[in-house]
Structure formats: C-alpha cells, structure tokens
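What follows is the residue order along each chain.
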Amino acid sequence: MHSISYDRARDVAHAIELARQPGAKFIGGGTNLLDLYKSGVERPVRLVDVSRLPLAGIMELPDGGLRIGATASNTATANHPLVRQRYRLLSDALLNGASSQLRNMATVGGNLLQRTRCYYFTDPTLGPCNKRTPGAGCAARDGYNRIHAILGASEQCIATNPSDMSVALCALDAVVRLHGPNGERAIPLADFHRLPEDRPQDDTVIAAGELITAVDLPPPRFTAHHYLKVRDRASYEFALVAVAAALEFDGASVRDARVVLGGVAHKPWRAQAAEDALRGEPLSNETLRSAAEAAVQGARPLEHNAFKIELARRAVERALRIAGGMA
Ligand code: SF4
C-alpha cells in the first residue's frame, strides 16, 4: 500500500516550503499526474495542492504583453478575449489539445510539465525505460517507435514532448516564471524543455521544489500565423507532427518568422534554419519548399517513423502557406 499525504498550500511561499520534502509533487488539475500515479509511473509521497493559489489570472503587462497565471485552465486561457485577439496562435494550439473536459481541468503550469506519451514510459509492463528508471534501458529503441522523435533524440531516449501549448508558446517567445527555494527566475520557453541527452529523466530545467507561477508573453509581433496539427484521429489525440508558424512582413517580404515543430522531439523544436530561409524573402512556392526542407535538417528516422520526416516537411509548408494567405 502506497501512502500519500495531501496539503493545500496557502500561498506560494507555503507551497514551496511544503515541497521541500523529498518525493513531494505539486498538483494543479492533476490530469497527467493522476494518470501516471494510477499506472505506477509516478509515486509521490506528498501532494502539494496549488490549485487554490491566486495564480489563475490573465492580465496585461505594462509593456503591452500578457501574463498568464500558472493555474489558469487551458479552457480559460484559450477563450480569454486578450488571448483570442492578440495571441490566436496560442488559443488555436490549446483548442487542438486534449478534450474539452481535460482542458477544463488542466492548467497552464501542468501543461508545461506534462510528460511524454511514449507507450513504454506510461505502461511499466511493456519494458524498461530510462526516463522512468535511469539506466534501465529504452524499450522503444528496438520496439514500436512510430510516434517517437526524428530530431534531437539520444541513445538513452527517443521520446517526444506531447504539449501543443508549448509549441505555440515557443513560437511566441514566451517566458516561464518560477518561484523556488532560491528565489525567482524567468526562463525563455525555448530553453525550458530539454533534449534527453544522457539524462532523459529530466524533461525540463526546472529545479527541485520550484513552482511555475506564470507565463509571460511579449507584445504580439507576428501578424500572420497558423497552428497545424497532424494526428491519427480528428480529436483527442497527440500530434504526430504539429507546426506553429508565425510571420511578420515588411511589404511583400518576410521580415521575421518563427517555425516551431511539435511531436518530433523531446522539446518544442524551433526550426531556425527554416526561419532563416524565410527572412528577407517573398513567400513564394520556392521559399516555402526551402523552408520546409530546412525544417527537417538533421532528422533521423527510426524503424517505424520515417514517414514523420516527409510529414513534417509537408506540414511546415502547409502551415506557412496558410499563415501567409497562400492557401
Ligand atoms: Fe523511456 Fe524514452 Fe525509451 Fe520511451 S523513448 S522507453 S520514454 S527512455
């Protein structure tokens, strides 16, 4: 019998104090943590409930940006008027994720921390997993790896990050705000998730006991954008490939661009070579093809997922085509 203690945090400082106990976990909506607890993947000894902290607000920042509190639900965030008007890419990505019931419960902070859906990670009966048990081995490498990474994988882990929201936040140059035992810090979303390398157990750079308190968005910069998600079924499914494409024009030429892929790596994959291929160029068929080709530079297929490379190429081209009004 596994026993857990439960504490409801009064404020951020209290939450951080409660989380000092080894094996403690913060819980917000619980949509991922409780699933993993039931399957035996997560074994917290203490749950620190942060769902009642006053961190659900969404407010304008003095510089024209937006602060989204960590316990804002995915539904509230996606439907907030300022998000819909100024950061439609984020709203679209959120509404492409999960089901409406899950979006009502899931929080922004929890979404950033959701763990991979690699079958061998979520079901301990299927085989060893370095992310679950460091050094145990990776059953996916020689197993069924259709949904796994084509970019940035390591010998130890080939898992992908499942979050749609994080892909859009990366394209919007979001910053994650953290409070922890050593004070506050802010980390660009692009640096928040990490590649597996030889520490696949660490999905992010968050330190022990740190609590996500908010996500800040800079003032909107990209006038044209599109979020494209390709999945095995039309709803309630994780991405095989997703693309957040954002464009800013100077006349007919692209002044700046963001191309971020989801479902292909252990973190939202910012395709900077694709962005470079777009900057300063008019959006022509040739430019789109160059950007799409650049987006999959360095991709390496596994036994069952070579199709993802062509899928990613086509998804990037299509997302940019729609964003740029060419479709
Ligand atoms: Fe575990 Fe990563 Fe291998 Fe999946 S790919 S079994 S998460 S080590």
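So, how was this worked out
Residues numbered from 1 in each chain as written. Predicted model: local features only at pLDDT ≥ 70, side-chain atom pairs only at ≥ 80, totals over all residues. Heavy atoms only, no water. Buried < 20%, exposed > 50% of the residue type's maximum accessible area, 1.4 Å probe, protein only. Helix = DSSP H or I, 4+ residues; strand = E, 2+ residues; numbered from the N terminus. Pairing = 2+ DSSP bridges. Domains from an automatic or database assignment. Axes fitted to C-alpha atoms, helices over the stretch in contact; angles between N-to-C directions. Parallel < 35°, antiparallel > 145°, perpendicular 65-115°, else oblique. Left-handed = near helix turned anticlockwise from the far one by under 90°. Contact = heavy atoms within 4.5 Å. Polar contact = N/O pair within 3.5 Å; in protein donor to acceptor, adjacent residues only side chain to side chain. Near = heavy atom within 4 Å. Nonpolar A, V, L, I, M, F, W, Y, C, P; charged D, E, K, R; others polar. Phe/Tyr/Trp six-rings, centres within 6.5 Å; stacked < 30°, edge-to-face > 60°. Arc of directions from axis to C-beta. UniProt positions renumbered as here; feature names shortened; annotations may be inferred.

(A) Looking closely at the pairing of strand β8 (residues 211-217). Counting buried positions along β8 yields seven of seven residues, so the element is predominantly enclosed. Relative to β8, strand β5 (residues 66-69) runs antiparallel, the two being bridged by four bridges. Following the sheet pairing, I68 is matched in β8 by V215. With five bridges connecting them, strand β6 (residues 175-180) and β8 associate as antiparallel partners.

(B) Molecular detail of the domain arrangement of the protein chain. The domains assigned to the protein chain are domain 1 (5-46) and domain 2 (224-323). Taking only C-alpha atoms into account, the centre of domain 1 sits 36 Å from that of domain 2.

(C) Broad picture of the packing of helix α12 (residues 285-295) against helix α13 (residues 307-323). One way to put it is that α12 packs onto α13 with a least axis distance of 8 Å and a crossing angle of 140°. In this view, α12 runs oblique relative to α13, as classed from their interaxial angle. Like other packed secondary-structure pairs, α12 and α13 cross with a definite hand, here right-handed. Between α12 and α13, the residues in contact are N285, L288, R289, A291, A292, E293 and A295 and R313, V316, E317, L320 and R321, respectively.

(D) Inspection of the sheet that holds strand β1 (residues 5-8) at higher detail. Taken together, three strands build an open sheet; the order of strands is β1-β3-β2 and the sheet is parallel. Looking along the sheet, the strands with just one partner apiece sit at the ends: β1 and β2 (24-27). When strand polarity is set aside, the average angle formed by the axes of neighbouring strands in this sheet is 25°. Both β1 and strand β3 (residues 46-49) contribute to a ladder of four bridges, which runs parallel. Looking across to β3, one finds that R8 is bridged to D49.

(E) Region of the structure containing helix α9 (residues 164-171). Extensive coverage of α9 is indicated by the burial of eight of its eight residues. For α9, the complete set of buried residues consists of D164, M165, S166, V167, A168, L169, C170 and A171. Sitting at the head of α9, S163 places a side-chain oxygen 3.3 Å from the backbone nitrogen of M165. D173 sits one or two residues past α9 and shows a positive phi near 60°.

(F) Expanded view of the site of the ligand. Around the ligand lies a shell of 13 residues, among which C118, C129, C138, C157 and I158 are the nearest. Taken together, the residues of the shell around the ligand sort by class into nine nonpolar, three polar and one charged.

(G) Summary view of the sheet that holds strand β11 (residues 253-262). Taken together, the four strands give an open sheet; going across it, the order is β9-β10-β11-β12, and neighbouring strands pair in antiparallel fashion. The open sheet has two edge strands with one neighbour each: β9 (224-230) and β12 (269-270). Relative to strand β10 (residues 241-250), β9 is paired through seven bridges, and the arrangement is antiparallel. When the bridges of β10 are listed, L228 appears paired with V243. Contacts from helix α5 (residues 88-95) reach β9 and β10 within the one sheet, and its direction differs from that of β9 by about 15°.

(H) Region of interest: the packing of aromatic side chains. Applying the stated criterion across every chain, the model contains two aromatic pairs. Ring plane angle 15° and centroid distance 6.1 Å describe the contact between Y119 and Y144, whose orientation is recorded as stacked. A residue pair is termed long-range when its members are at least 10 positions apart, and Y119 in helix α8 (residues 119-122) and Y144 in the loop between α8 and α9 qualify at 25 residues. Judged by relative accessible area, which is 41%, Y144 ranks as partly exposed. Among the aromatic residues, those joined into a ring-pair cluster are Y119, Y120 and Y144.

(I) Expanded view of α12. Along α12, the positions that sit buried rather than exposed are T287, L288, A291, A292, A294 and A295. In an axial view of α12, the angular spread of the buried residues amounts to 165°, which keeps them on one side of the axis. Where α12 is buried, its residues contact β11, β12, α11 (272-278) and α13.

(J) Summary view of the UniProt feature "domain: FAD-binding PCMH-type" (unreviewed entry) in the protein chain. Here the UniProt feature "domain: FAD-binding PCMH-type" (unreviewed entry) sits at residues 1-222. Helix and strand shares over residues 1-222 are 27% and 17% respectively, and the end C-alpha atoms of the span are 53 Å apart.

(K) Main features of the side chain of N161. Relative to the assigned elements, N161 resides in the loop between α8 and α9. You can call N161 buried: its relative accessible area is 9%. Within the structure, N161 has its side chain in polar contact with the backbone nitrogen of S163 (distance 2.9 Å). Aside from chain neighbours lying at most four places away, what touches N161 is H193, G263, A265, H266 and K267.

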